[in-house]
Amino acid sequence: MAETDIAPIIATRRDDTVGFLQNLVSKGLGWARKYSIFTYPYATACCGMEYMSVAGGRHDLARFGAEYPRFSPRQADMLLVTGTINLKQAPILKRVYEQMCEPKWVVAFGVCASSGGFYDNYAVLQGIDRIIPVDVYIPGCPPRPEQVLDAILLLQEKIGGQVHKLADTGQSNPTAAKHDLLMSMNK
């Protein structure tokens, strides 16, 4: 065993300070992003009505920081896909996802967006995770508003737990990187 293996590593004050500041900035950015989610609702079917009820006064999505829907992908950071996606709509959905700025998150709202639902035919995409990476799935046909609120809380935990760097390292979204790796293995 070498002497360096058993000797404790001593960090300098500069390393401690940079680590402390990086941790503080990361927690602050995580907190700010967690409570300011701008949603792009991609509603295509009956789940759109359930989304409207969640945004209403009774369930009040605003208390979770996801109040304002943005109808431009460049102003949104969460893509909420609600309803059935046909194969003709798949390229449009992918383009909307690609136009969103980083960081971005995707929620599959309902069983049709998650797995195609009971539409097991040639015209329906059997889950949006075949074309874009999904962060949170909401089951149900249609899902209850409480399930949607639980999914928002799960997404907030994921956003708040991410590590934010002081400098941009050029790394992309880890969920998207895993999705791209899986898609390249299937080809």
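Residue numbers restart at each chain and count upward from 1, following the sequence in its written direction. Side-chain atom pairs in this predicted model are given and counted only at pLDDT of 80 or more, local residue features only at pLDDT of at least 70, and totals for whole chains, interfaces and linings cover all residues. Water and hydrogen atoms were dropped before computing side-chain values, which therefore reflect all heavy atoms in the structure.

Looking up the protein chain in an unreviewed UniProt entry gives the name NADH-quinone oxidoreductase subunit B, with the organism given as Stigmatella aurantiaca. UniProt positions are given in the numbering used here, feature names are shortened, and annotations may be inferred rather than shown by experiment. Database annotation for the protein chain, UniProt heading Subunit (unreviewed entry): "NDH-1 is composed of 14 different subunits. Subunits NuoB, C, D, E, F, and G constitute the peripheral sector of the complex." Check the Subcellular location (unreviewed entry) section of the UniProt entry for the protein chain; it says "Cell membrane".

Draft legend 1. A look at the packing of aromatic side chains. Pairing of aromatic side chains here covers Phe, Tyr and the six-membered ring of Trp, requires ring centres within 6.5 Å, and sorts the geometry by plane angle: under 30 degrees stacked, over 60 edge-to-face, intermediate tilted. Tallying each qualifying case throughout the model produces one aromatic pair. Seen from their ring centres, Phe118 and Tyr119 are 4.5 Å apart, and the 40 degrees between their planes marks the pair as tilted. We classify Phe118 as exposed; its relative accessible area is 60%. What makes Tyr119 partly exposed here is its relative accessible area of 33%. Lys104 extends its terminal NZ or CZ atom over the ring of Tyr97, reaching a point 4.1 Å from the ring centre. Exposure is judged per residue with a 1.4 Å probe applied to protein chains only, and the accessible area is read against the type maximum: over 50% gives exposed, under 20% gives buried, and values in between give partly exposed. Note on criteria: charge over ring means Lys NZ or Arg CZ within 6 Å of the ring centre, with the direction from the centre no more than 35 degrees off the ring normal.

Draft legend 2. The arrangement of helix H4 (residues 90–99) in detail. Along H4, the positions that sit buried rather than exposed are Ala90, Leu93, Val96 and Tyr97. Considered in projection along H4, the buried side chains sweep an arc of 125 degrees and stay on one side of the axis. What points out from H4, more than 90 degrees from its buried face, is the exposed set Pro91, Arg95 and Glu98. In this text, helices come from DSSP runs of H or I with a minimum length of four residues, and strands from runs of E with a minimum of two, each type numbered from the N-terminal end. This arc is taken over the directions from the axis of the helix to the C-beta atoms.

Draft legend 3. Seen up close, the pattern of salt bridges. We count a salt bridge whenever a side-chain nitrogen from Lys or Arg sits within 4 Å of a carboxyl oxygen from Asp or Glu. Tallied over the entire structure, the rule returns three salt bridges. For the salt bridge of Asp135 with Lys158, the shortest nitrogen-to-oxygen distance reads 2.8 Å. Here Asp135, found in the loop between helix H5 (111–115) and strand S4 (136–138), pairs with Lys158, found in helix H6 (residues 145–160); they are 23 residues apart in sequence, far enough to count as distant. In this structure Asp135 comes out as buried when scored by relative accessible area, which is 15%. For Lys158, a relative accessible area of 33% corresponds to the partly exposed category. Note that Glu146 is salt-bridged to Arg144, the shortest N-O span being 3.5 Å. For Glu146, a relative accessible area of 37% gives the class partly exposed.

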